[in-house]
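Chain by chain, the residues:
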Amino acid sequence: MQNVQPPKSSPVVSAVLSGASSTRTPAASRPVEPLASVARPSELLQQKGMQYGEYVNNQASSAPTPLSSTSDDEEEEEEDEEAGVDSSSTTSSASPMPNSYDALEGGSYPDMLSSSASSPAPDPAPAPAPAPAAPQPSKMAKPFGYGYPALQPGYQNAAAPLNSGVPPGSPAYSGFQQYAQQYPGMNQLSSSLGGLSLQSSSQPESLRPVNLTQERNILPMTPVWAPVPNLNLDLKKLNCSPDSFRCTLTNIPQTQALLNKAKLPLGLLLHPFRDLTQLPVITSNTIVRCRSCRTYINPFVSFIDQRRWKCNLCYRVNDVPEEFMYNPLTRSYGEPHKRPEVQNSTVEFIASSDYMLRPPQPAVYLFVLDVSHNAVEAGYLTILCQSLLENLDKLPGDSRTRIGFMTFDSTIHFYNLQEGLSQPQMLIVSDIDDVFLPTPDSLLVNLYESKELIKDLLNALPNMFTNTRETHSALGPALQAAFKLMSPTGGRVSVFQTQLPSLGAGLLQSREDPNQRSSTKVVQHLGPATDFYKKLALDCSGQQTAVDLFLLSSQYSDLASLACMSKYSAGCIYYYPSFHYTHNPSQAEKLQKDLKRYLTRKIGFEAVMRIRCTKGLSMHTFHGNFFVRSTDLLSLANINPDAGFAVQLSIEESLTDTSLVCFQTALLYTSSKGERRIRVHTLCLPVVSSLADVYAGADVQASICLLANMAVDRSISSSLSDARDALVNAVVDSLSAYGSTVSNLQHSGLIAPSSLKLFPLYVLALLKQKAFRTGTSTRLDDRVYAMCQIKCQPLVHLMKMIHPNLYRIDRLTDEGAIHVNDRVVPQPPLQKLSAEKLTRDGAFLMDCGSVFYIWIGKSCDSNFIEDVLGYPNFASIPQKMTHLPELDTLSSERARSFITWLRDNRPLNPILHVVKDESPAKTEFFQHLIEDRTEAAFSYYEFLLHIQQQICK
């Protein structure tokens, strides 16, 4: 550690711990004894069971255990079984304290409890096979693919009344009135499906054969909704929302052989922590779960009688606990089937202390900021510090919330913000090869106790390094220091980086050849150049710390390597190419708006997620940002409402004995208010035995999103050309199988069932997407970021990125409009993505998810230009326009209302670009017209002919 004065331009920050010395103090006479008070790396790993001074006293539970073994209710239940507790409730006060992360969500895998709880980094090896008695499939899954990264929103941590199972203002639960009598057992449920076989009824619309080569306008004029599973009305009402939980096939094939014959992907798309307007929050001493597979009781279990229920996943018969007989909603006794847990497929439980291995952690936020010359020149510090000042009181948390700051260039700067100081103190560590914390106890401070010092620092930071000449970036050592600082509690690290790391551990060299950007053959360096960032991320995950990356760079920064720190720690990635505070104002505004959501959206800490499915089905590959702790347990140091996940499934045993299958995801997390909560989603789908039924239930958007995830993995593990071939083959194989086994029509064209009519269009859109396109100049970081987005975005946002929505907006009317919060929102029809739809006299809005384009035709009505854009005519519209003015005209009000409605609830704030016809900026806009031919890629019609040729081979 050096006693070095900070730059002269920062009067707010005092020199160092002991005051002002303008020269370096010789080591022997340092005013601080860093080695006496600082834990070196070897000691840090031995500090177990650390007390959390500010909040241990608030918790009426035993001493905390090491961080790497945070618990979930599932851990507890597993322990119950081993202790011989005979109850279907979650825990018993007599049960031993779980000591392993794997038990966390209670997967009924007793062998897993042998893993050491003290290891700081998780062991990526597959978990041992479960004991024979375990209800899960005994065949171990393949090693898991790790996903690229994701993004997120906010959550009102309004705790439900402790004595009530309903959140305030929640409507009465409705559903089955005579559930117990209606559904005596799961195997008898087939009777409730009577007459629902697709074969015995008239052919459904989803099976209508469509000749793709003859239907020019295949795209519907209204949004494509998720198909509704073919269940009876009561089950449909109770089923999970497709916005949270969706399957690529809404009719599950009976056997793997039938699935193989259909040539369709089988998997789940999850958005488990999304913002919900209504969420049943249940406070109960007893969380009822299956004694065998640990499934949470849900609307699809069957009650054999008042005292017993049969699990819908493993079919075990369980006792109904006495407490569950009382319904807090109706205040009646003896109707367990009317409990909110059995009336809602999405619920959230407030977990008791039995579900914890340590007291819930406080919300802890650490900001790690690049202050090299490159960063200061870009000017992001001003926006970040201003955003933090504006949102400091809105950071999710409670009275225990902690915050800290580090800056780095070729050295690392820490900031002592401890209450009682007159001004912040900067401490500089120049030994980047053996990083240590100068004062471990004063670098993460209580947000409320030190608020004035924090504000002083945020006001000073933008100007502190104005005159720096330091061009190096020691990102790796800064991350190592952040890991040491966060390890005792866990939390969120937000890293802002503007260039390639050039010093110390994790340094990177430029790997991009600009001449290869439009290669049609090999695209190299999609994978990381070093495993440093992955290893560090796994260490962070083990200590409940997620790393979020903000990359603001005009130069190549090797996102393929840097992304690993977020990917494996359950963090998220934000990317701002060509960022500059003044030269690129639209990016600056985007950063500001993205930061507002990022800083204020809800967050879950020390989370784990487990997905269960009906006996006979198994999961084998997960996609998203996480670490796989055991065969089906995902470790999520942080979870946010913008994070999406995908999982591939296979059918290991025939499902002939059941007419329904169910999937359940359980997310155990600590809220920012320090509550341990479990959010549970359950999805029920019918089982079918005919190929036609499988095709009838295909969800084309879910399928394309799962295939996109798989293609990213293939690009990195094999090659981009392999991934592209696999995407084309997915269309060829499925339509070929449909044509040869289901459709009896003469093959005069390319025939698809109506459910899959958009499949070729979406695959072509994927092939033209930045992640997978060839022959078009694509920066390597841009390509890798697109892959990261595919891996972590929920389906609803990912689909806009794959296939944008195009609307004509110069003729908006109130016909078909919807009303949202006293606003009238027009609903123009969707247009196909082709230049033939663009008319010179029109104006068109394209929604690409994270960017909006408004294309203005050369002959566009001057009244529209004046009323909406605020300019008298086409010629006067500026080349770079990124805002619509607020004009007091009906046309302006309609256009702004529509765009505001589209913008709502986005994880990323879309930049708006007004593009004039014939301006140079239109190139980017036209690249999204995926039905048109480009120099390097087929038009949609040519692609259909290519598919047809492949099928006929």
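Residues numbered from 1 in each chain as written. Predicted model: local features only at pLDDT ≥ 70, side-chain atom pairs only at ≥ 80, totals over all residues. Heavy atoms only, no water.

### Looking at the pairing of strand 14 (residues 412-416)
Burial analysis of strand 14 places 5 of its 5 residues in the buried class, the great majority of the element. Burial along strand 14 is two-sided: the residues Ile-412, Phe-414 and Asn-416 and His-413 and Tyr-415 are all buried. Between strand 13 (residues 402-408) and strand 14, which pair antiparallel and follow one another directly, the connecting turn spans 3 residues. Bridge analysis of strand 14 against strand 15 (residues 425-429) gives 5 bridges, and the strand direction is antiparallel. Within the sheet, the bridge partner assigned to Asn-416 lies in strand 15 and is Gln-425. (Buried < 20%, exposed > 50% of the residue type's maximum accessible area, 1.4 Å probe, protein only. Helix = DSSP H or I, 4+ residues; strand = E, 2+ residues; numbered from the N terminus. Pairing = 2+ DSSP bridges.)

### A closer look at the pairing of strand 33 (residues 851-856)
Of all 6 residues in strand 33, 6 are buried; the element is thus mostly enclosed. Here strand 33 shows two buried faces, one formed by Val-851, Tyr-853 and Trp-855 and the other by Phe-852, Ile-854 and Ile-856. Here 6 bridges tie strand 33 to strand 34 (residues 911-916), and the two strands are oriented parallel to one another. Along strand 34, the bridge assignment pairs Tyr-853 with His-913.

### Considerations on the pattern of salt bridges
With the rule as written, the count across this model stands at 37 salt bridges. Notably, a salt bridge pairs Asp-594 with Lys-590, separated by 3.3 Å at the nearest N-O pair. One end of the pair, Asp-594, and the other, Lys-590, are both in helix 15 (residues 585-600), 4 residues apart, so they sit about a helical turn from each other. Under the relative-accessibility criterion, Asp-594 is labelled buried at 1%. The shortest N-O distance in the salt bridge between Arg-906 and Asp-847 comes to 2.7 Å. Highlighted residues: Arg-906 in the loop between helix 23 (890-903) and strand 34 and Asp-847 in strand 32 (residues 843-847), separated in sequence by 59 residues. (Salt bridge = Lys/Arg side-chain N within 4 Å of Asp/Glu carboxyl O.)

### Focus: the packing of aromatic side chains
A complete count under the given rule lists 21 aromatic pairs for this structure. Ring centres of Phe-367 and Phe-405 lie 5.5 Å apart, and the angle between their planes is 20 degrees; on these two criteria the pair is classed as stacked. Note that Phe-367 is positioned in strand 12 (residues 364-370) and Phe-405 in strand 13, a separation of 38 residues in sequence. Phe-367 gets classed as buried once you look at its relative accessible area, which sits at 0%. Consider the rings of Trp-855 and Phe-925, whose centres lie 6.4 Å apart with planes at 10 degrees: the pair is stacked. Taken together, the residues span a long stretch of sequence, with Trp-855 in strand 33 and Phe-925 in helix 24 (residues 922-927) at a distance of 70 residues. Under the relative-accessibility criterion, Trp-855 is labelled buried at 3%. For Phe-925, a relative accessible area of 0% corresponds to the buried category. Following the ring pairs from residue to residue traces out a cluster consisting of Tyr-380, Phe-496, Phe-550, Tyr-574 and Tyr-598. (Phe/Tyr/Trp six-rings, centres within 6.5 Å; stacked < 30°, edge-to-face > 60°.)

### Describing the sheet that holds strand 32
Taking strand neighbours across the sheet as the criterion, the 5 strands line up as 31-28-32-33-34 in an open arrangement whose pairing is mixed. Looking along the sheet, the strands with just one partner apiece sit at the ends: strand 31 (830-831) and strand 34.

### Let's talk about unusual backbone geometry
For Asp-558, which is not a glycine, the phi torsion comes out positive at approximately 55 degrees. Along the chain, Asp-558 turns up in the loop between strand 18 (545-553) and helix 13 (559-562).

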